[in-house]
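Structural features, examined
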Amino acid sequence: SDFFLPAASTLQDLRRSDNAYSIARAAVNSTEGSGYRLHQQIKSAFQAGEFFAHFQPIIANDLNSLLGSEALIRWNNHGQIMGPETFIAVAERTDLILDLGYTMLEQVARQARAWADMDLALYSVNTSVRQLTDPDFAMRAIDIWENHGCDTINLKIEITESILAMDHPVIRSNLEQLRKAGISIAFDDFGTGFSSLSYLDKFPVDSIKIDRVFVQKLTAGSNSRAVIEAMGLIAQQLNLDVIVEGVEDQASLEQIRGLTPVTGWQGFLFSRPLPAQDFEQYARQFPGKL
């Protein structure tokens with residue numbers, strides 16, 4: 001049973017490659033070995049409808065308006081609310097991640113429809129490599145959004161460094177279909193991977209999200225100031241929006257403002273990720289919301 005996940009993962013990767021065969025290797029530690037049991041728990045939880053979305057506000061640069069939110073998956077595991085770091089890595093080893101991904105899109109689309117009067121500019125949803133290597137991903141995402149009566153211009157798909165580094169033709173096709181439908185693409189965790197810059201001009205990206213790593217090191221005497229300034233300059237040259245993640249105090253916000261133009265802010269300084277009902281209450285403090 002402990003070997004099931006690496007074998008299944010290797011098989012599915014093989015189906016997407018041009019190789020004739022591949023060798024699956026056993027788990028190298030007990031954490032990987034316990035993946036099968038966790039996988040079964042995740043599968044049962046999915047069937048029981050235990051996964052749902054929290055929403056973290058994205059605040060406009062002037063701090064006076066609410067741009068939108070990033071949807072973040074949560075698992076209600078017998079009353080314990082668990083974040084994605086506890087289960088996503090296991091789900092990504094099989095196509096279970098596809099089920100979770102489409103469920104999240106459905107939930108976010110329903111909320112976007114319910115919050116139509118809030119006039120939010122964007123709803124950001126994270127995607128995985130497996131989702132974007134699914135040839136049907138773009139069309140299904142578009143259908144889900146439009147079938148709930150939502151405008152595609154308000155949906156933003158967030159992709160990560162690992163997705164760009166693959167330079168996979170199916171990924172490129174999916175991203176191009178999404179962009180053609182009016183859905184925007186954000187490059188999450190910008191600057192944390194070795195190939196960020198080399199791949200930035202090869203994919204249809206609308207915005208970058210400066211990773212919390214650089215924000216948290218601003219006061220530690222590191223090179224984060226120079227890095228943030230350089231990333232802002234790149235964004236300006238490529239006409240990309242800039243969202244800054246992980247903003248936890250006013251001092252960091254003011255420092256970043258002095259380094260680069262910012263479209264939006266996201267972090268604990270403003271709010272933690274919130275359940276839908278709490279997000280509505282949070283939104284009431286901004287003019288014109290609800």
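It should be noted that the structure appears before, not after, this text.
Presented here is a report on the structure given in the accompanying data block.

1. A short note on the overall build of the protein
- For the protein, the count of helices and strands is 14 helices and nine strands.
- Relative to its 290 residues, the protein shows a buried fraction of 48%.
- Partitioning the contacts of the protein with sequence separation of at least 6, the portion at a separation of at least 24 is 68%.
- Split by element, the accessible area of the protein, about 14,000 Å² in all, is 48% carbon and sulfur.

2. Details of the nonpolar core
- Judged by nonpolar contacts, the single largest core of 78 residues is most densely connected at Ile42, Leu178 and Val244.
- Counting five residues, the second largest nonpolar core, distinct from the first, contains Ile58, Ala60, Leu67 and Leu122.

3. So, helix 14 (residues 276–283)
- Considered for burial, the residues of helix 14 that qualify are Ala276, Phe279, Tyr282 and Ala283. Buried residues of helix 14, seen end-on, are gathered within an arc of 115 degrees and therefore sit on one face of the element.
- Considering only its buried residues, helix 14 is in contact with strand 1 (51–60), strand 2 (66–77) and helix 5 (96–114).

4. Concerning helix 12 (residues 224–237)
- For helix 12, with 14 residues, the first-to-last C-alpha span of 20 Å sits near the 20 Å given by 1.5 Å per residue.
- Every buried residue of helix 12 is listed here: Ser224, Ile228, Met231, Gly232 and Ala235. Projected down its long axis, helix 12 carries its buried residues within an arc of 100 degrees, all on one side.
- At its buried positions, helix 12 is contacted by strand 6 (184–190), strand 7 (207–210), helix 11 (212–216), strand 8 (241–244) and helix 13 (250–257).
- Phi turns positive one or two residues past the end of helix 12, at Asn239, with a value near 60 degrees.

5. A closer look at the pattern of salt bridges
- One pass over the full model with this rule turns up six salt bridges.
- For Arg257, the salt bridge is made with Glu254, and the minimal N-O distance between the two is 3.6 Å. Here Arg257 and its partner Glu254 are both found in helix 13, three residues apart, which amounts to about one turn of the helix.
- Assessed through its relative accessible area of 40%, Glu254 is described here as partly exposed.
- Linked through salt bridges whose partners overlap, the residues forming this network are Glu70, Glu158, Lys209 and Glu245.

6. Notes on the packing of helix 7 (residues 137–147) against helix 9 (residues 169–180)
- One can describe the packing of helix 7 onto helix 9 by two numbers: an axis separation of 8 Å at closest approach and a directional angle of 30 degrees. Classified by the angle between their axes, helix 7 and helix 9 sit roughly parallel to one another. You can see that helix 7 and helix 9 cross each other, and the crossing is right-handed. Each of Phe137, Ala138, Met139, Ala141 and Ile142 in helix 7 lies in contact with helix 9, whose residues at this interface are Asn174, Gln177 and Leu178.
- Counted by class, the contact of helix 7 with helix 9 contains six nonpolar, two polar and no charged residues.

7. Side note on the side chain of Ser184
- Tracing the sequence through the fold places Ser184 in strand 6.
- Residues in contact with Ser184, not counting those within four places in the same chain, are Leu155, Lys156, Ile157, Arg179 and Asp206.

8. Points about the environment of Leu67
- Relative to the helices and strands, Leu67 is located in strand 2.
- On the accessibility criterion, Leu67 (18% relative accessible area) is buried.
- With 56 residues separating them in the primary sequence, Leu67 and Tyr123 have C-alpha atoms 8.9 Å apart.
- The residues touching Leu67, leaving out its near neighbours within four places in the chain, are Ile58, Ile59, Ala60, Leu120, Ala121, Leu122, Thr263 and Gly264.

9. Digging into the layout of surface pockets
- Reported here for the largest pocket is a volume of approximately 760 Å³.
- Forming the boundary of the largest pocket are 32 residues, of which Glu70, Leu72, Pro84, Asn126 and Asp188 lie nearest the centre.
- Among the secondary structure elements, those contributing two or more residues to the lining of the largest pocket are strand 2, helix 4 (88–91), helix 5, strand 4 (122–126), helix 6 (129–132), helix 8 (161–166) and strand 6.
- Sort the elements by how many residues they give to the lining of the largest pocket and strand 2 lands first, with five residues.
- Its residues assigned to classes, the lining of the largest pocket comprises 14 nonpolar, nine polar and nine charged.

About the cut-offs
Residues numbered from 1 in each chain as written. Predicted model: local features only at pLDDT ≥ 70, side-chain atom pairs only at ≥ 80, totals over all residues. Heavy atoms only, no water. Helix = DSSP H or I, 4+ residues; strand = E, 2+ residues; numbered from the N terminus. Buried < 20%, exposed > 50% of the residue type's maximum accessible area, 1.4 Å probe, protein only. Contact = heavy atoms within 4.5 Å. Areas by Shrake-Rupley, 256 points an atom, 1.4 Å probe, with all protein chains shown as cover. Core = buried A, V, L, I, M, F, W, Y, C linked by side-chain atoms within 4.5 Å. Arc of directions from axis to C-beta. Expected span 1.5 Å × (residues − 1). Salt bridge = Lys/Arg side-chain N within 4 Å of Asp/Glu carboxyl O. Axes fitted to C-alpha atoms, helices over the stretch in contact; angles between N-to-C directions. Parallel < 35°, antiparallel > 145°, perpendicular 65-115°, else oblique. Left-handed = near helix turned anticlockwise from the far one by under 90°. Nonpolar A, V, L, I, M, F, W, Y, C, P; charged D, E, K, R; others polar. 1 Å grid on protein atoms, 1.4 Å probe; cavity = no way out; pocket = protein on both sides within 12 Å on 5 of 7 lines; lining within 4 Å. Points joined across faces, edges and corners; volume = space filled by probe spheres on them.

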